[in-house]
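Observations on chain architecture
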Amino acid sequence: MTANIESKQSGQRLACVDALRGFDMLWIIGGGEIVRSVAKAKPDNRFLGWLSENFDHQWGQFGFYDLIMPLFLFIVGVVMPLAFTKRLEKGESKKEIYKHVIKRVIKLYIFGLIASGHLLTFDITRIHLWTDTLHAIAAGYLVSSILILELRLKWQIIVTVGLLLLYWIIMTLVPIPGVGAGIFEQKTNLALYIDDKVLGHFQEGEGWTYILTNITFVCSVMLGTFAGRILLGTQTEKKKIYQLLLLGILCMMVGKLWGFVFPIIHHIWTSSLVLFAGGLSCLLLVAFYIIIDVLGYKKWILPFTVIGMNAIAVYVATHLFDFKLLGNVLVGGLTKWVGPWDDALKASASLAVVWLILYWMYQKKTFVKI
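All figures in this text were calculated on a predicted structure; none of them were measured in a lab.

**So, empty space enclosed by the protein**
Scanning the model with the defined rule gives 2 cavities of 30 Å³ or more in all. Looking at the second largest cavity, its volume works out to about 30 Å³. Contributions of two or more residues to the lining of the second largest cavity are made by α3 (65-78), α9 (214-231) and α11 (271-294). Here the lining of the second largest cavity takes 3 residues from α11, the largest share from any one element.

Here it is in structure tokens:
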């Protein structure tokens, strides 16, 4: 999902958004596996061990890997206000925009089924109906589109806060039959119970939840839209930086404090997780903005931009194809010489193959839009 990301103030494309999207996607398509493989090769290194732990999802603990999906949803939201404004300025009706939104949501849902839902197995017993990051984006994008098109900013904020509170109230006060209310354990929580009842064997089955958590997926996207209004607005660079910093710090603080009563848990996308991860995402956005678009240091971002310009395409592709097979063609003969570094070598070669394909697409200006 890409967009022409320009600042109203300068009319120049903001490179920070594409770079941040690519930075986020890097860890999904192979960067995370490289970190874990390197740590595996050096089991006695405490720093690498700690780093590896941050590239895994631990229940009730927030590590770097728990930021990846929220950041993805956040970035989707960043470009939405400007994209819709441009369409309206071109004379498109809301009806036409809604048609575009529905088409995009359907595509995201189908690609999600392909990426993680086993759609292409054509085996009904293996299909997962609601199980992927793209499904979370589809839900968040759909509802956020309605909020942006139909409500003023004040009401968008009120609805977003209301949804966060609503999810908290439901998760805390609605009892699980025969168990009770307010339980946030890995195998016992209301969101998982609802997924079990609604999706049955069509769910992922690994503790991630989607039906009830659609409420907070929307909020993650909406936080991105609030940051996008600031970043892509007409204010001075200084004001944008201050406001983004304030938004990020405030969200992190509220999320952290809320976490004492409603834990920060990635698997069930708690309200505290939305705010804490959204705040971190906002701070990352402002850091990239300062370094890249304000100070003008852009040479280093090419590896990220190449990925970010085709983020959805590479996400689906790496779920469909095992690029290690191509990587092993290049380095398979070396693995016997590198000892415990063989997994790191294979993971690096796989990522290199993916990146080179994306670089070729980038050079050819081939960008897959959804």
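**Side note on the layout of surface pockets**
Considering only enclosed or pocket space, the largest pocket measures out at about 900 Å³ in volume. Around the largest pocket, the lining comprises 35 residues; the ones closest to its centre are I28, Y65, S116, Y315 and H319. When the residues that make up the lining of the largest pocket are grouped by side-chain class, the tally is 17 nonpolar, 11 polar and 7 charged. Around the second largest pocket, the lining is made up of 18 residues, and of these I157, L223, F226, L247 and C251 lie nearest the centre. At the level of elements, α7 (153-173), α9 and α10 (237-258) are the ones that each hand at least two residues to the lining of the second largest pocket. Residue contributions to the lining of the second largest pocket peak at 7 residues, all from α10. Tallied by class, the residues present in the lining of the second largest pocket amount to 15 nonpolar, 2 polar and 1 charged.

**Things to note about unusual backbone geometry**
Phi is positive for W269, close to 50 degrees, though the residue is something other than glycine. Inspection of the secondary structure puts W269 in the loop between α10 and α11. Phi is positive for K365, which is not a glycine, with a value near 55 degrees. If you trace the backbone, K365 turns up in the segment after α15 (342-363). When its relative accessible area of 67% is taken as the criterion, K365 is described as exposed.

**Some points on the packing of aromatic side chains**
What the rule picks out here adds up to 23 aromatic pairs. Centroid distance W355 to Y359: 5.1 Å. Interplanar angle 10 degrees. Geometry classified as stacked. Here Y359 and W355 lie together in helix α15, a separation of 4 residues that amounts to about one turn. Accessibility expressed as a relative area gives 28% for Y359, which makes it partly exposed. Here the aromatic residues F23, W27, F55, F64, Y65, F288, W300 and F304 are joined through ring pairs into a cluster of three or more. The side chain of K256 reaches across the aromatic face of F276, ending 5.9 Å from its centre.

Quick notes on the rules
Residues numbered from 1 in each chain as written. Predicted model: local features only at pLDDT ≥ 70, side-chain atom pairs only at ≥ 80, totals over all residues. Heavy atoms only, no water. 1 Å grid on protein atoms, 1.4 Å probe; cavity = no way out; pocket = protein on both sides within 12 Å on 5 of 7 lines; lining within 4 Å. Points joined across faces, edges and corners; volume = space filled by probe spheres on them. Helix = DSSP H or I, 4+ residues; strand = E, 2+ residues; numbered from the N terminus. Nonpolar A, V, L, I, M, F, W, Y, C, P; charged D, E, K, R; others polar. Buried < 20%, exposed > 50% of the residue type's maximum accessible area, 1.4 Å probe, protein only. Phe/Tyr/Trp six-rings, centres within 6.5 Å; stacked < 30°, edge-to-face > 60°. Lys NZ or Arg CZ within 6 Å of the ring centre and 35° of its normal.

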